[in-house]
Amino acid sequence: MALLIGVPKETFPGEKRVATVPDVVEKLRKLGFEVTVESGAGDAANFADDTYRAAGAEVVQTAAELFAKADIVFKVRPPTMDEVAMLREGATLIGFVWPAQNPDLMAALQARKATVLAIDCLPRQLSRAQKMDALTSMAGISGYRAVIEAANAFGRFFNGQITAAGKIPPAKVFIAGAGVAGLAAIGTAANLGAIVRANDTRAEVADQVVSLGGEFVKVDYEEEGSGGGGYAKVMSEGFQAAQRAMYAQQAKDADIIITTALIPGKPAPKLITAEMVQSMRPGSVIVDMAAEQGGNCELTVPGESVVRHGVTIVGYTDLASRLAKQSSTLYSTNLLRLTEELCKTKDGQINVNFDDDAIRGLTVIKAGELTWPAPPPKLPAAPPKPKAAAAAPAPKAHGHGAGEPMSAKSLAIVFGVGAVLFGLVGAYAPASFLQHFTVFVLACFVGYMVVWNVTPSLHTPLMSVTNAISSIIAIGALVQVAPPLDAAGATDRPNALILGLAVVALVLTAVNMFGGFAVTRRMLAMFRK
């Protein structure tokens, strides 16, 4: 019998997201599951009950009715204790749980003998887990929304303008942390025309910052900050002191600061002090994306936007929820991909397979037994380093080795043999052969120079060569189609076969050349903003 997936309405204050959207309901049903949705669950994200019914879901009126019949529950926020009490014994819960921060919730779920898959515990270092990575999906949306909130609170344009009334300088945006949320914020702010600077403890993200239009600001202290799994680690005291000095300098110059720094299982690090806020120009803005975990700014009030020392500090904890339709769609797709991994047989049944590193990492409770934290996943071995090149052999005392220039004596012998061969050909070969042979040698030389001296400045080297060859073919075909006049002003028209081959050659080379440039134009357009 097919299992039933239940999607309750989120009860967390201000939460507008829903765990499944109508388009995903259809795909879940194709996997063999039945789907039940609580009435009004998607209203805040603009998904009406009728759209769920049209997709094949059953709509029930109360959460108690839904929890009583659901074998699997999809949620966004961690369940409340009341929701845990309504959960069927032995049911499966999938959603954000944050086991390190919610020990009481974990104990309650164990008492219900539930199986809990915490989407926040996904081993993100596994490449195949990216399609299930809801943290990345939500962080990207939050980073975008953080810039929108900053623009709303800021008193002028992001981009610089020159108007009849005067010149408006571009806004200066500093982003602390260049993870997924930070990179999304960098790209958004740069596209709005701001001057964007960013910092991160992980040196490897510098190229990503630059590629999105930002400038990477390096801390004057050498220490690697990657903590694995896409997160940063806690840095040394020396690094933190150097970092604070750099942040203090950036705060004085920036119009907008967006902070994104989080460390799993720990309070958000304090990056922006009250003194830094006081040093900012009046009208400046700070958007603290880590507000829910305590905030990166000392003056942040979680869930509120406050003004301190003339600076607006935005501490909203529902940035992803403020784009509810988009975030619900992405989140439900992440859960769909997870469900596909759990139900590879497409028969409406799930298999929590601990041999799968991604599923093992997600599973924090299995049938009431605590399985968190999971052991580190088995990552593929790093490719072996190439062996050092063998030492070059010592040059020989006599003669010349490979790669050495030919001696004058050897060069004279080669030219001498060549001259004798050309002399024999000239003395004994027919005059017509000699004429054709001369044209052949010159054609080889000219063709070589034409083909290999094409500069691949607008396209790939391969296309340079093929276009050069196509040009030679096109010239030859044109000569056959319209042969030159002789001394008497007459011309020999080619027969039908030669004319047909020449026309076909012209058509094919034209397709190759113009098609190649068209494809190149499309490829280059992919990398333009």
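Residues numbered from 1 in each chain as written. Predicted model: local features only at pLDDT ≥ 70, side-chain atom pairs only at ≥ 80, totals over all residues. Heavy atoms only, no water.

Draft legend 1. Representation of the nonpolar core within the structure. Within the largest apolar cluster, 47 residues are counted, with the highest numbers of intra-cluster contacts made by Val18, Tyr52, Phe74, Ile94, Ile119, Tyr331 and Leu338. Among the elements that take part in this core, helix α11 (residues 324–342) stands out by supplying 6 residues, more than any other. In this structure Tyr52 touches Val18, Thr20, Val21, Pro22, Val25, Val37, Gly42, Phe47, Ala57 and Val59, once residues within four positions along its chain are discounted. Of all hydrophobic cores here, the second largest spans 31 residues; its members include Phe158, Val196, Val285 and Val314. (Core = buried A, V, L, I, M, F, W, Y, C linked by side-chain atoms within 4.5 Å. Buried < 20%, exposed > 50% of the residue type's maximum accessible area, 1.4 Å probe, protein only. Helix = DSSP H or I, 4+ residues; strand = E, 2+ residues; numbered from the N terminus. Contact = heavy atoms within 4.5 Å.)

Draft legend 2. How the structure looks around α11. The terminal C-alpha atoms of α11 lie 26 Å apart, and with 19 residues this matches the ideal 27 Å at 1.5 Å per residue to within 8%. Of the positions making up α11, those classed as buried are Ala324, Ser327, Ser328, Tyr331, Ser332, Asn334, Leu335, Leu336, Leu338, Thr339, Glu341 and Leu342. Buried residues in α11 make contact with α1 (22–30), β4 (72–74), β5 (92–95), β6 (115–118), α6 (134–153) and α12 (357–362). (Expected span 1.5 Å × (residues − 1).)

Draft legend 3. The arrangement of the pairing of strand β14 (residues 256–259) in detail. Neither face of β14 is exposed, since Ile256 and Ile258 on one face and Ile257 and Thr259 on the opposite face are all buried. Alignment of strand β9 (residues 172–176) against β14, held across 4 bridges, turns out to be parallel. Bridge pairing in β14 places Val173 opposite Ile256. Bridge count for β14 against strand β15 (residues 285–288) is 4 bridges, and the pairing is parallel. Bridge assignment links Ile257 to a residue of β15, and that residue is Ile286. Where the polypeptide runs from β14 across helix α10 (residues 274–279) and back to β15, its parallel neighbour, the crossover connection is right-handed. (Pairing = 2+ DSSP bridges. Right-handed = clockwise from strand over helix to strand, strands pointing away.)

Draft legend 4. Summary view of the packing of α1 against α11. In contact at an axis separation of 10 Å, α1 and α11 are set at 5° when each is read in the N-to-C sense. Here α1 is positioned roughly parallel relative to α11, judged by the angle of their axes. Taken together, the residues of α11 that come into contact with α1 (itself represented by Val24, Lys27 and Leu28) are Ser332, Thr333, Leu336 and Thr339. Residues belonging to the contact of α1 with α11 are distributed by class as follows: 3 nonpolar, 3 polar and 1 charged. (Axes fitted to C-alpha atoms, helices over the stretch in contact; angles between N-to-C directions. Parallel < 35°, antiparallel > 145°, perpendicular 65-115°, else oblique. Nonpolar A, V, L, I, M, F, W, Y, C, P; charged D, E, K, R; others polar.)

Draft legend 5. Summary view of unusual backbone geometry. In this model, Trp372 is joined to Pro373 through a cis peptide bond whose omega is 0°. By the secondary structure assignment, Pro373 is in the loop between β19 (369–370) and α13 (408–428). For Trp98, which is not glycine, the phi torsion reads 55° and is therefore positive. Judged by its relative accessible area of 32%, Trp98 is partly exposed. The phi dihedral of Lys113 is positive, around 55°, even though this residue is not glycine. Structurally, Lys113 can be placed in the loop between α5 (103–111) and β6. Looking at Lys113, the relative accessible area reads 46%, which means it is partly exposed.

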